[in-house]
Amino acid sequence: MTTKIDTALNEEHRLVTPPTPWEDVPMEKWNDWRWQLSHRLNTVEDFSPILNLTEDEIAGLSAPGAFRVDVTPYYASLMDPDDPQCPIRRQVMPLGQELVSFDAQMVDSLAEDQHSPVPGLVHRYPDRVLMMTTTQCASYCRFCTRSRIVGDPAENFGSHDYERQIAYIEANPQIRDVLLSGGDPLILPAKILDNLLTRLNDISHVEIVRLNTKVPMFLPQRITDELVDMLRRHQPLWIHLNINHAKEMAPDVVQAVAKLADAGFPLGSQSVLMAGINDCPNIILDMVHTLVRNRVRPYYLYQCDLVQGAGHFRTPVAKGIEIMEALRGHTSGYAIPTYVIDAPGGGGKVPILPNYLMSMSEDKVVVRNYEGFISTYTQADEYESHDPETCEACQARQRENKQQGVAGLLAGKKRTIEPRSWQQTHERSQD
Ligand SMILES: *Cc1c(COP(=O)(O)O)cnc(C)c1O
């Protein structure tokens, strides 16, 4: 029996022999993730038999000291050999342009190292941390925000780091959400990942763990029944994929993603908006529709970070707003990601939207919809204000000492938020 999921993008039959030039490789090897990892492509000689390389790609592959290249044969097999603009190809093939710097670029644009209480742990928000578990990935995205450490085997994290990371999480009871990232945590030996998840689940204040991975796209063979069974023992586990184009949802990926969805993991996708890859409302529409057909909820659409080597992927923010305008109302709400700028300097994710609120008076709010239809919402003229004094949830929160931010202003905790030394600057005396 075929379902909608099977037929979504899977009209092509699954492979019976590996694609050229791997046709002599036995199918069991091709489908073995270990074989895929040990046969990754990284040089001009490796790619020449499968792609008509451009001069820019040859320059990128030959650049000394550039960010690591490693592409699984599987992911390489999805590339269009004759189209250098192929969205699969653009994500992992280095270009000479990576070496061109731009004014605003930074090595660590999100100031992650500054927000690291212990190596590999980024604690930016009060209740959640990002934990880098490895610097290794199945393949390396050219737009990687962590290219400063990722791909470098000499910079890898190990058990000593995990102990310090876990000790920090244990000592900070406000942390209820841990994001396993890297590198790619699904590259870790299953036993190590199993142990890490067990340790995290044993911490009573850790309510959920999230796993950020692109392994299901780069190396769908890794999503074995055995791996899924191990992960299932650690629910609630949220899995975030990184998909930037519908073309990545190839048949083997569809199958790997279905395994994860069947195992009950809530699936999300974080995408990066990139020039020449997905900077088009219709490409994004195709992508989000492909995602939801495969039970993956589009979560974030990121403005490309100001990271060194990724300048040629950047788009104007206007492009993101144009894309969001083309989504809301035009497709299912659950197919719409939140478009964010991850604020340089470590401000975290800031949502960006077109304006829907047009005007307001004491009793009316004027809004516009996606069609340009303008409507008024009449506000309640009798509203009995919520009373935090008698609300248990408010009382419980008040006892915690949280970073309150702008919400703290609204709650009347503070009257202003001011830059450091703002007071002194304005204490101007007469003489
Ligand atoms: C993205 C991110 C998170 C998680 O943010 P959510 O908005 O909860 O998904 C947490 N910590 C860091 C450092 C991040 O970059």
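Look up a bit, the structure's there.
Cut-offs used in this document
Residues numbered from 1 in each chain as written. Predicted model: local features only at pLDDT ≥ 70, side-chain atom pairs only at ≥ 80, totals over all residues. Heavy atoms only, no water. Near = heavy atom within 4 Å. Polar contact = N/O pair within 3.5 Å; in protein donor to acceptor, adjacent residues only side chain to side chain. Areas by Shrake-Rupley, 256 points an atom, 1.4 Å probe, with all protein chains shown as cover. Helix = DSSP H or I, 4+ residues; strand = E, 2+ residues; numbered from the N terminus. Nonpolar A, V, L, I, M, F, W, Y, C, P; charged D, E, K, R; others polar. Buried < 20%, exposed > 50% of the residue type's maximum accessible area, 1.4 Å probe, protein only. Pairing = 2+ DSSP bridges.

Caption draft 1: Quick peek at the site of the ligand. Taken together, the neighbourhood of the ligand is formed by Val122, Arg124, Tyr125, Arg128, Leu130, Leu179, Arg210, Tyr299, Tyr300 and Lys349. Separating an oxygen atom of the ligand from a side-chain N or O atom of Arg128 is a distance of 2.7 Å. Take Tyr299: an N or O atom from its side chain is 2.6 Å from an oxygen atom of the ligand. With the chains in place, 92% of the 390 Å² that the ligand exposes on its own is no longer accessible. Top element by residues in the shell around the ligand is strand E1 (residues 121–125). It accounts for three residues. The residue makeup of the shell around the ligand, split by class, is six nonpolar, no polar and four charged.

Caption draft 2: Spotlight on the pairing of strand E3 (residues 177–181). Among the five residues that make up E3, five are buried, leaving the element largely enclosed by the rest of the structure. Because side chains alternate across E3, one face comprises the buried residues Asp177, Leu179 and Ser181, and the other comprises Val178 and Leu180, equally buried. Examined bridge by bridge, strand E2 (residues 128–132) and E3 share five bridges and lie parallel to one another. Bridge pairing links Met131 to Leu180 in E3.

Caption draft 3: Up close: unusual backbone geometry. With an omega of 5°, the peptide bond running from Thr20 to Pro21 counts as cis. The peptide bond linking Gly182 to Gly183 adopts the cis configuration, its omega dihedral lying at 15°. Secondary-structure assignment places Gly183 in the loop between E3 and helix H9 (190–201). Its identity as a non-glycine residue notwithstanding, Arg295 has a phi of 65°, on the positive side. Considering the arrangement of structural elements, one finds Arg295 in the loop between helix H13 (281–293) and strand E7 (297–303). One non-glycine residue with positive phi stands out, namely Ser421, at about 65°. By the element assignment, Ser421 lies in the loop between helix H16 (405–410) and helix H17 (422–426).

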